[in-house]
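Secondary and tertiary structure notes
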Amino acid sequence: MHSYPHQPKIHRIYGGPSISLFIPRVLPHSSMHKPVFITFFNIWSQYAFNHLVLFVSLLIVCSSLPSLFCLPFMAPIFSHFLSFVMLSWSIAQGQGPPSPGYSPSTSVRTVKFDQVFRNLWGPQHQRADQDSITIWLDKTSGSGFKSIQPYQSGYFGAAMKLQPGYTAGVITSFYLSNNEDHPGNHDEIDIEFLGTTPDELYTLQTNVYIKGSGDGNIIGREMKFHLWFDPTQDFHNYAALWTPSEIIFFVDDVPIRRYTRKSEATFPTRPMWVYGSIWDASTWATDNGRYKANYNYQPFVGRYTNFKISGCIAGGPASCRPPSVSPSDTGSLSQQQLAAMNWVQRNYLVYDYCQDPKRDHGQIPEC
């Protein structure tokens, strides 16, 4: 129930043989320089390795042939390889977003899974303890969980670790929705990972729905990102802060998207529940449905922990306020947070619905 515009393909830059190098770099959110082991050759993808082999092979063959014969073949291969090497070096230097200067998650306590959530579907594909849950998809079923209470606003976050390898067609998500209360006319705030093939990056899709889907006129408000780290190697924190005036999406406390309330018609105001799920979306998730879920690679696993939920429960006190997004407690992102968000959008944004000429902008007046 999402719209799925085409996005540019960017080849994966992690995975493969590994050699550790000792390179000093600045850790995110730290003023101290600390030495960090960088696995430089982890950034060799099969794509780049194949180009290197082909380039060297042609170089050997061409050494005994006229240069005019080889040039048309060598030039594009060398160009691909050189671009990859430059990008590899950038990643190896540990470049990430500048510090936002404030971590909203620090003001929200971690809650145990069973304090806030219950199984929604696929209980045989869940393994939960007090602090975390693992869910998986195979050819028989996926799985999902749902909050015990609906919320009117709040901070909703979880640390997630994704499945490596072939995950095309698979969605791993953490989101808010009232679809069960308003089928076909619901609101939604999405954090969704779109499955991928081994030579491509994961895509993090953020989305906002306002009273729409199920009527044949689905109006998604997608912004899609690649990440400055490999989300399959470790847990990272993903969150949405929903206030009466804006929705802000975070990755490891770095704001990546801000969706402001410009009118009643373009902002979700009805109570929503918090969900997590893993499911087969082969019809659209990966390259517009070109690549499907392949159950030869099952099970597809999503791991969640470090749940941080601080919200105003629907029907609760009118005095309830969601956590502050910034240290000033003004309800606005600080200049340092805005600088970090702008950096992410300059370097890792791969799709913005407002910039899509194929969209009917009469349906998305907030753009």
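Rules behind the numbers
- Residues numbered from 1 in each chain as written.
- Predicted model: local features only at pLDDT ≥ 70, side-chain atom pairs only at ≥ 80, totals over all residues.
- Heavy atoms only, no water.
- UniProt positions renumbered as here; feature names shortened; annotations may be inferred.
- Helix = DSSP H or I, 4+ residues; strand = E, 2+ residues; numbered from the N terminus.
- Buried < 20%, exposed > 50% of the residue type's maximum accessible area, 1.4 Å probe, protein only.
- Contact = heavy atoms within 4.5 Å.
- Areas by Shrake-Rupley, 256 points an atom, 1.4 Å probe, with all protein chains shown as cover.
- pLDDT = per-residue confidence, 0-100.
- Pairing = 2+ DSSP bridges.

Looking at an unreviewed UniProt entry, one finds the protein chain named Xyloglucan endotransglucosylase/hydrolase and attributed to Gossypium tomentosum. Quoted verbatim from the Sequence similarities (unreviewed entry) field of the UniProt record, the comment on the protein chain reads "Belongs to the glycosyl hydrolase 16 family." Checking UniProt for the protein chain, the heading Function (unreviewed entry) contains the comment "Catalyzes xyloglucan endohydrolysis (XEH) and/or endotransglycosylation (XET). Cleaves and religates xyloglucan polymers, an essential constituent of the primary cell wall, and thereby participates in cell wall construction of growing tissues."

Some points on the overall build of the protein chain
Within the protein chain, the secondary structure is distributed over four helices and 18 strands. Burial statistics for the protein chain: of 367 residues in total, 51% are counted as buried. Once local pairs closer than 6 in sequence are excluded, the contacts in the protein chain between residues at least 24 apart make up 69%. Put simply, the protein chain shows about 17300 Å² of open surface, and 57% of that area lies on carbon and sulfur atoms.

Things to note about the confidence of the model for the protein chain
The predicted coordinates of low-pLDDT regions are not to be read in fine detail. Taken as a whole, the protein chain shows an average pLDDT of 81; of its residues, 72% reach a score of 70 or greater. Residue range residues 1-47 is modelled with pLDDT below 50. Its contacts to residues more than four positions away, or to other chains, number 131 contacts. Long-range and interchain partners of residues 82-93, a stretch whose pLDDT sits below 50, account for 18 contacts in this model, where long-range means more than four residues apart.

Comments concerning the pairing of strand E15 (residues 254-260)
Of all seven residues making up E15, five are buried, and the element is well covered by its neighbours. Across six bridges, the pairing between strand E14 (residues 246-251) and E15 is antiparallel. In the strand pairing of E15, Ile247 is matched with Tyr259. In sequence, E14 turns back onto E15 through a hairpin of two residues, with Asp252 there showing a positive phi of about 50°.

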